[in-house]
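The primary structure of each chain is shown beneath.
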Amino acid sequence: LVAVAMFGFGYLMVPIYNVLCDITGINGKTGQIAESQVSVDDVDPNRLVTVEFDTNVNPSLPWEFKATQFKQEVRPGEIAEAKFFVENKSNKPVVGQAIPSVAPEQASLFFNKTECFCFINQVLAPGEKKEMIVRFVVDSDLPEKISTMTLSYTFFKALSENDVVSNVKHETTKKNDG
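Residues numbered from 1 in each chain as written. Predicted model: local features only at pLDDT ≥ 70, side-chain atom pairs only at ≥ 80, totals over all residues. Heavy atoms only, no water.

Undergrad: Run through the overall build of the protein chain, naming residues and quoting values.
TA: Helices and strands together make up the secondary structure of the protein chain, namely 2 helices and 10 strands. Starting at the N terminus, the α and β elements of the protein chain follow one another as α-β-β-β-β-β-β-β-β-β-β-α. Buried positions account for 32% of the 178 residues belonging to the protein chain. In the form shown here, the protein chain has an accessible surface area of approximately 10,900 Å², with 55% of it arising from carbon and sulfur atoms. (Helix = DSSP H or I, 4+ residues; strand = E, 2+ residues; numbered from the N terminus. Buried < 20%, exposed > 50% of the residue type's maximum accessible area, 1.4 Å probe, protein only. Areas by Shrake-Rupley, 256 points an atom, 1.4 Å probe, with all protein chains shown as cover.)

Have a look at this one:
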């Protein structure tokens, strides 16, 4: 009974954590909205917010990744666009996945993306270079005390179908040998 309860608790931790993050803005998770949900009436013409861009690559991913500009001034409620550059520095195809976050954490509740390369895995051929775009809206309800926010992306190596097949074969071989 204790083992079943522990398994159930462990299984429910991820959904509980995600709900907690959505409610409180902890962990800097951003929202996603359709471009059609953005209203021209919500644009605050009297305010500018600075959005800074931070780019990181996990050491296991042989990529170069950077924003084309370090920061951008945006009007709350208006759709803005930022461009990023990525290059596969290896001699084989690699699949990467970008994980976004926004700081300060409180600002993440007011940051929504309409289009983002982070929504899907990115596959780059050997030496391939690519420009990627994120379209976003800083909500006009952003508290006045927040005038600067940082959108940070970290790219991680994602398992491709070949990696998954290779890992399964390796695990099967280890079990049969052991």
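Undergrad: Give a detailed account of the state of the cysteines, specifying residues and quantitative values.
TA: Under the defined criterion, the tally for this structure stands at 1 disulfide. Each sulfur in the disulfide pair Cys-116 and Cys-118 lies 2.4 Å from the other. Taking the sign of the S-S torsion, about 130° here, the bridge from Cys-116 to Cys-118 comes out right-handed. The pair Cys-116 / Cys-118 is uniform in exposure class, with both members buried. (Disulfide = S-S within 2.5 Å.)

Undergrad: If you had to explain the packing of aromatic side chains to someone new, which residues and values would you point to?
TA: For any pair of aromatic rings, geometry is given as the distance between the ring centres together with the angle between the planes. Summed over all chains, the structure comprises 11 aromatic pairs. An angle of 70° between the planes, with centres 6.4 Å apart, marks the rings of Phe-53 and Phe-136 as edge-to-face. You can see Phe-53 sitting in strand β2 (residues 49-57) and its partner Phe-136 sitting in strand β9 (residues 129-138), a full 83 residues away along the chain. Owing to a relative accessible area of 0%, Phe-136 belongs among the buried residues under this scheme. Judged by centre distance (6.0 Å) and plane angle (15°), the ring pair of Phe-117 and Phe-155 falls under stacked. Placement of Phe-117 in the loop between β7 (111-115) and β8 (122-124) and of Phe-155 in strand β10 (residues 148-157) is noted, with a sequence separation of 38 residues between them. A relative accessible area of 5% means that Phe-117 is categorised as buried. Here the aromatic residues Phe-53, Trp-63, Phe-65, Phe-84, Phe-111, Phe-117, Phe-136, Tyr-153 and Phe-155 are joined through ring pairs into a cluster of three or more. (Phe/Tyr/Trp six-rings, centres within 6.5 Å; stacked < 30°, edge-to-face > 60°.)

Undergrad: Talk me through the environment of Ile-79; I want residue IDs and the actual numbers.
TA: Within the fold, Ile-79 resides in strand β5 (residues 79-88). Residue Ile-79 is classed as partly exposed on the basis of its relative accessible area of 34%. With 59 residues separating them along the chain, Ile-79 and Val-138 place their C-alpha atoms 7.9 Å apart.

Undergrad: Could you give an account of the confidence of the model for the protein chain, with specific residues and numbers?
TA: Taken over all residues, the pLDDT of the protein chain has a mean of 78, while the share at 70 or more is 69%. Here helix α2 (residues 161-177) stands out as the element of the protein chain with the lowest mean pLDDT, 46, in contrast to strand β3 (residues 63-67), whose mean of 96 is the highest. (pLDDT = per-residue confidence, 0-100.)

Undergrad: Explain the sheet that holds β8 residue by residue, including any values.
TA: On the basis of which strands lie adjacent, the open sheet formed by 5 strands has the order β4-β2-β10-β6-β8 and mixed pairing. The open sheet is flanked by β4 (71-74) and β8, the only strands paired with a single partner. The average angle at which neighbouring strand axes cross in this sheet is 30°, direction not considered. Pairing analysis gives 8 bridges linking β2 to β10, with the strands arranged parallel. When the bridges of β10 are listed, Thr-50 appears paired with Thr-148. (Pairing = 2+ DSSP bridges. Axes fitted to C-alpha atoms, helices over the stretch in contact; angles between N-to-C directions.)

Undergrad: Could you give me a rundown of the pattern of salt bridges, with the residues and numbers involved?
TA: As enumerated under the stated definition, the model contains 6 salt bridges in all. Lys-89 is the partner of Glu-87 in a salt bridge, and the nearest nitrogen-oxygen pair spans 3.6 Å. The shortest N-O distance in the salt bridge between Glu-115 and Arg-135 comes to 2.3 Å. One end of the pair, Glu-115, is in strand β7; the other, Arg-135, is in strand β9, with 20 residues separating them in the sequence. A residue is classified by how much of its surface remains accessible, and Glu-115, at 34% relative accessible area, is partly exposed. Of the residues examined, Arg-135 reaches a relative accessible area of 22% and is grouped as partly exposed. Where salt bridges share partners, they join Glu-64, Lys-66, Glu-87 and Lys-89 into one cluster. (Salt bridge = Lys/Arg side-chain N within 4 Å of Asp/Glu carboxyl O.)

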